[in-house]
Amino acid sequence: MPPAAKRVPWRWLVVGRASRRLVLVVVFVALLLDNMLLTVVVPIVPTFLYTTEYEGTNSSVAPAQTEPAPPALKAPPFSSMFSYFDNSTVTVSGSMSTVDLANGTESSHLPQPLTSSPPLPSSCPEGKEFLAKENIRVGLLFASKALAQLVINPSVGLLTNRIGYHIPMFIGFIIMFLSTVMFAFSGTYTLLFIARALQGIGSSFSSVAGLGMLASVYTDDFERGNAMGIALGGLALGVLIGAPFGSVMYAFVGKSSPFLVLAFLALLDGALQLCILQPSKISPESTKGTPVFTLLRDPYILVAAGALCFSNMGVAMLEPTLPIWMMQTMCSPKWQLGMAFLPASISYLIGTNLFGILANKMGRWLCSLIGMAVVGISLLCVPLAKNIYGLIGPNSGLGFAIGMVDSSMMPIMGYLVDLRHTSVYGNVYAIADVAFCMGFAIGPSTGGAIVRAIGFPWLMIIIGVINIAYAPLCWYLRNPPAKEEKIAILSQECPMQTKSYTTQKTLRDFPLTDDSDVEAENAE
């Protein structure tokens, strides 16, 4: 009995390691945690930097203004009230100040600040110049993750071809855990920047190894499309939960709380990987994969990678700039800064799961073409919003359309390698991840500078027009040709298909006789 009892869990592990569904679960959880950490900082970082840096400096300046002259104690409150009003509506502040000067009595001064001041300091932040500069700093911080991922991705693709997907996947978990803990206890811009870059390194290992593992396990194109849709659903769920979860936890619990929860979930994911993936096992590919530079010279792979890049660049530009724009124009509280991304996340979750199946029926090229056009239109509508409710429609369309593009392009990348190159997937999904990273690197880093130069509405117009102009290029993915060498390999692997190319007349035996023609006619 005891030996038999001991065999039961080991038998479960053996069955689990051979199950494709459990591999899909591991990749799903890894992408979920990666993208929760990606988006949980979106509502936290702008307000955290504002409270620690701007309000900290102003609190030290305020006592110096009030101490010198006791009789003039009424002036600083009015000057501070004027700055609050000036940040909300200039005309009201001017009129209020002129009325106050006209009245000139203490009784007229005291009621007005008491009735009008409490809601404004809590909703409308002061310091327009600081917020304008913060667009660039926050954009660079968000882009550091993608820049680090961009540098590491090619080497991770080569590493997976040599040692397999299991060890890089586990390395990604360890780095992501360290990054999450560092986020929880970082109190300065520099430490947050380092933690964000460290997250990019861990994300590179997890995403490249995870997607390559799925492509190698699900060899059928239809099954691969469904599996990629489910895995991207984990990505979508992480984006869905991240921003609202971060804003609510930061507003009501504290900055460290959401990151500590994510660190605990990362430990559970690591335990799951230890049980299922055997990260100590080295399993290199049996065949040598196509080099990265050869894949980059393939125009069809470049078109697919460009679609991934530009469609995700729109939401990448929104992440650092939309919360600050809401603080300036809508006077939104902390919890609303993350809730603004909730419609996009829900629609992205629906889009990836729905079009993981539908894209194979309607054509993945058509699905991605329509998706990129809808991305552009949705981005053009974002600046028209006057409050958080006006963002529901544009953000929902944006998330749904990006889900269409992602769930179509990820299987296309694997299909193009099967059709035109060697069926080893580490390098091609490294290229796909590089395309994501370029969108999330160029978007936040340039978005903040563009907003400061010409404004947030023009930023949305530029990236929206780029997506609409790029959409027709997806037509070239309608029927990509196979290379001649690949056709020869496929014909050797599937000899039964060559029968359709043979002549219909039956072959006659040699040597020919006088009755051979009659026999051939009777056979026909």
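Refer to the structure presented above.
In this report, the structure presented in the accompanying data block is examined. (Residues numbered from 1 in each chain as written. Predicted model: local features only at pLDDT ≥ 70, side-chain atom pairs only at ≥ 80, totals over all residues. Heavy atoms only, no water.)

### A short note on helix α17 (residues 342-362)
Here α17 spans 28 Å end to end across 21 residues, near enough to the 30 Å set by a 1.5 Å rise per residue. At phenylalanine 355, α17 is deflected by roughly 45 degrees, the largest bend along its length. Along α17, the positions that sit buried rather than exposed are Pro343, Ala344, Ser345, Ser347, Tyr348, Gly351, Thr352, Phe355, Gly356 and Ala359. Looking one or two places after α17, you find glycine 363, whose phi comes out positive at around 100 degrees. (Helix = DSSP H or I, 4+ residues; strand = E, 2+ residues; numbered from the N terminus. Expected span 1.5 Å × (residues − 1). Bend = angle between axes of the 7 residues up to and from the residue. Buried < 20%, exposed > 50% of the residue type's maximum accessible area, 1.4 Å probe, protein only.)

### As for a nonpolar patch on the surface
On the surface, a cluster of nonpolar side chains totalling about 730 Å² of accessible area is made up of Ile377, Leu380, Ile454, Trp458, Ile461, Ile462, Val465, Ile466 and Ile468. Mapped onto the nonpolar patch, the elements with two or more residues apiece are α18 (364-381) and α21 (456-470). Considering every element that reaches the nonpolar patch, the biggest residue donor is α21, with six residues. (Patch = residues over 30% accessible without salt bridge, like charges linked within 9 Å, V, L, I, M, F, W, Y side chains within 5 Å. Areas by Shrake-Rupley, 256 points an atom, 1.4 Å probe, with all protein chains shown as cover. Salt bridge = Lys/Arg side-chain N within 4 Å of Asp/Glu carboxyl O.)

### A word on the packing of aromatic side chains
Working definition: an aromatic ring pair is given by the centre-to-centre distance plus the angle between the planes. Applying the stated criterion across every chain yields a total of seven aromatic pairs. Between phenylalanine 170 and phenylalanine 173, the ring centres sit 5.4 Å apart and the planes meet at 45 degrees, which makes this aromatic pair tilted. Taken together, the residues phenylalanine 170 and phenylalanine 173, both in helix α10 (residues 166-185) and three residues apart, mark about one turn of the helix. Judged by its relative accessible area of 18%, phenylalanine 170 is buried. Residue classification places phenylalanine 173 among the buried residues on the basis of a relative accessible area of 11%. Where tyrosine 189 meets phenylalanine 193, the ring centres are 6.3 Å apart and the plane angle is 40 degrees; that geometry is what we call tilted. Of this pair, tyrosine 189 and phenylalanine 193 both sit in helix α11 (residues 189-217), four residues apart, roughly one helical turn. (Phe/Tyr/Trp six-rings, centres within 6.5 Å; stacked < 30°, edge-to-face > 60°.)

### Focus: the packing of α10 against α11
Contact geometry for α10 and α11: axes closest at 8 Å, N-to-C directions at 155 degrees. In terms of axis orientation, α10 runs roughly antiparallel to α11. α10 and α11 meet at a crossing whose hand is left-handed. Taken together, the residues that form the contact of α10 with α11 break down as 18 nonpolar, eight polar and one charged. (Axes fitted to C-alpha atoms, helices over the stretch in contact; angles between N-to-C directions. Parallel < 35°, antiparallel > 145°, perpendicular 65-115°, else oblique. Left-handed = near helix turned anticlockwise from the far one by under 90°. Nonpolar A, V, L, I, M, F, W, Y, C, P; charged D, E, K, R; others polar.)

### Here's the deal with the pattern of salt bridges
Inspection of every chain in the model, using the stated rule, returns one salt bridge. Aspartate 298 is paired through a salt bridge with arginine 420; the nearest N and O atoms lie 2.8 Å apart. Of this pair, aspartate 298 sits in the loop between α14 (292-296) and α15 (299-329) while arginine 420 is found in helix α19 (residues 392-420), placing the two residues 122 residues apart along the sequence. You can call arginine 420 buried: its relative accessible area is 10%.

Keep in mind these numbers describe shape, not what the thing actually does.
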